[in-house]
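# Inside the fold
Here is how the chains run, residue by residue.
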Amino acid sequence: MHSYSISKHLVYAAWLKVKANGGAAGADNVSLEMFENNLKNELYKLWNRMGSGSYMAPPVKRVEIAKPDGKTRPLGIPTVADRVAQMVVKMTLEPEWDCKFHSSSFGYRPRRSAHQAVAAAKRNCWKYTWAIDLDIKGFFDNLNHDQLQEFVAQATENPWCKLYIKRWITAGVQMPNGEIQTAVKGTPQGGVISPLLANLYLHKVFDSWMQKYFPQNPFERYADDVIIHCQTQQEAEQLLSAVSQRMQRFNLTLHPEKTKIVYCGRSKIARTIPQSFDYLGFTFRRRTARRKDGNLFPNFAPAISNKAKQAIVKTMREWNVRQLTLLSIVTLSKKLNPQIRGWLNYYGKFYSSALHDIREAIEFRLYKWTKCKYPKKRSSRTQAFSWLKQIKQWRPNLFAHW
């Protein structure tokens, strides 16, 4: 006998989304392929347990992901079955919640993107002379469970969604050595439901509060990355103090080194005052721009950040193109183009001329590949470049950056 009415079609639709997203096996070591091999039984078992209220969330698998600064970011990978269960709840709650979220919240929402957040920040940096670059220290790791459940209860009356969210946030973590650690706070990065819960939490803690008390200060929020705009430095200092106190009420802390007040004006100011900030892979700073009539003017605009460039170059090194000489240049292009196209599509959206170094770095690696592939061209730098130039004329769309 089922206590809750959950559609089989919803469970199957959730599986299709989980499959499309891909991902590694969780703590039970069951991969997507293994799950799909027994799909009918696995989905029926999951549907039956969720409908009866007997589904218990297993621990998430802890995986450390390397960050550009050399540190690591902990991810919690749920089992495939648990990802499907979380997707069922997400697909149930997201339509109900998303329409109530703030228009300045862009992260992990339907029909919203990082590019929209960057574009909004660009517009507001033109209108406002000062910005607050907020960094919430360990946001996903420090969410207060009691407060989160209270927010969930305020946002929905659905009993089984509330039940399973409670079980997920307290399910625990399986460490690399096999030990199970109890979760007393936070929601694991890597969980299907985590971004939606994070958006709800910050909607209550930050977005709604800003709208009520500081409607004159626009902001852009992408998950826990936030930029707030102010007219004066004094206003920015007072608002930053108020935001800090607000966060502390909910056991959240602003990173003392990464949070800063930035001057976004076009005129010069003391060098001791920060005059740039990074947001979603772009560095905002004063740059020269060209009007439609061809005249130049000072602007405060985004372009690919140095950190993003370094990450791209690191990936290029991992290509190790010198060892890909068994491939034809057509096959090589098919191998490299998805990444190249992704970089150009994302970072080329704003101030695309800043990608010149990246294009040159790609071209240099193709030159190295050519010299290794065709030994006769090693003796002359010109020969290798001339050959590539001929290929470019023959197949101008062969590589995405061409």
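It should be noted that the structure appears before, not after, this text.
Residues numbered from 1 in each chain as written. Predicted model: local features only at pLDDT ≥ 70, side-chain atom pairs only at ≥ 80, totals over all residues. Heavy atoms only, no water.

### What to know about the overall build of the protein chain
Condition: Comment: elements are numbered from the N terminus, with helices defined as DSSP H or I runs of at least four residues and strands as E runs of at least two. Exposure classes here rest on a 1.4 Å probe applied to the protein chains alone. A residue is buried below 20% of its type maximum, exposed above 50%, and partly exposed in between. Contact criterion: two residues are considered in contact whenever any of their non-hydrogen atoms come within 4.5 Å of each other. Residue-level accessible areas treat just the shown protein chains as cover; the underlying method is Shrake-Rupley with a 1.4 Å probe. Residues scored as positive are Lys and Arg, those scored as negative are Asp and Glu, and His as well as the terminal groups of each chain are ignored. For this purpose, a charge sits on NZ of Lys, CZ of Arg, CG of Asp or CD of Glu.
A tally of helices and strands in the protein chain yields 13 helices and eleven strands. Per-residue burial for the protein chain yields a buried fraction of 47% across its 402 residues. Sequence-distant contacts in the protein chain: of pairs separated by 6 or more residues, those separated by 24 or more amount to 68%. Here the protein chain displays about 21200 Å² of accessible surface, and carbon together with sulfur accounts for 49% of that area. Charge-centre separation for the protein chain: the mean point of 62 positive side chains lies 10 Å from the mean point of 30 negative side chains.

### Brief notes about helix α1 (residues 8–21)
Since there are 3.6 residues in each turn of an α-helix, residues three or four apart along the chain are aligned in direction. The criterion, for reference: For a helix, the expected span equals 1.5 Å multiplied by the residue count minus one. Picture the helix axis, draw a direction to every C-beta atom, and the arc is the one those directions span. Polar contacts, as used here, are pairs of N or O atoms within 3.5 Å; protein pairs need one atom able to donate a hydrogen and one able to accept it. Residues neighboring in sequence count only if both atoms are side-chain atoms.
With 14 residues, α1 extends 20 Å from end C-alpha to end C-alpha; this agrees with the ideal 20 Å at 1.5 Å per step. Taken residue by residue, α1 has V11, A14, W15 and V18 as its buried positions. In an axial view of α1, the angular spread of the buried residues amounts to 105 degrees, which keeps them on one side of the axis. Every exposed residue of α1 that faces more than 90 degrees away from the buried side is listed here: H9 and A20. Against the buried residues of α1 lie α2 (32–37), α3 (39–52) and α4 (80–98). Sitting at the amino-terminal end of α1 is S7, which places a side-chain oxygen 3.0 Å from the backbone nitrogen of H9. Note on α1: the residue one or two positions beyond its end, G22, has a positive phi of about 70 degrees.

### Topic: the packing of α4 against helix α8 (residues 194–213)
Counted only if it meets this: Helix axes are fitted to C-alpha atoms over the stretch in contact, other axes to C-alpha atoms as well, and angles between N-to-C directions run from 0 to 180 degrees. An angle counts as roughly parallel when it lies under 35 degrees, as roughly antiparallel when it exceeds 145, as roughly perpendicular when it falls between 65 and 115, and as oblique in every other case. Left-handed describes a crossing whose near helix is turned anticlockwise from the far helix by less than a right angle; the clockwise case is right-handed.
Packing of α4 against α8 leaves a shortest axis separation of 11 Å and a crossing angle of 30 degrees. Classed by the angle they form, the pair α4 and α8 counts as roughly parallel. The handedness of the crossing between α4 and α8 comes out as left-handed. Facing α4, whose interface residues are K90, L93, E94 and W97, α8 presents L196, L197 and L200.

### Describing unusual backbone geometry
A positive phi angle is found at Y108, which is not glycine, with a value near 55 degrees. Structurally, Y108 can be placed in the loop between α4 and α5 (114–127). A residue is classified by how much of its surface remains accessible, and Y108, at 49% relative accessible area, is partly exposed. A positive phi is found at Y351, a non-glycine position, where the angle reads about 50 degrees. Note that Y351 resides in the loop between α11 (329–347) and α12 (356–373). Given a relative accessible area of 32%, Y351 falls into the partly exposed group.

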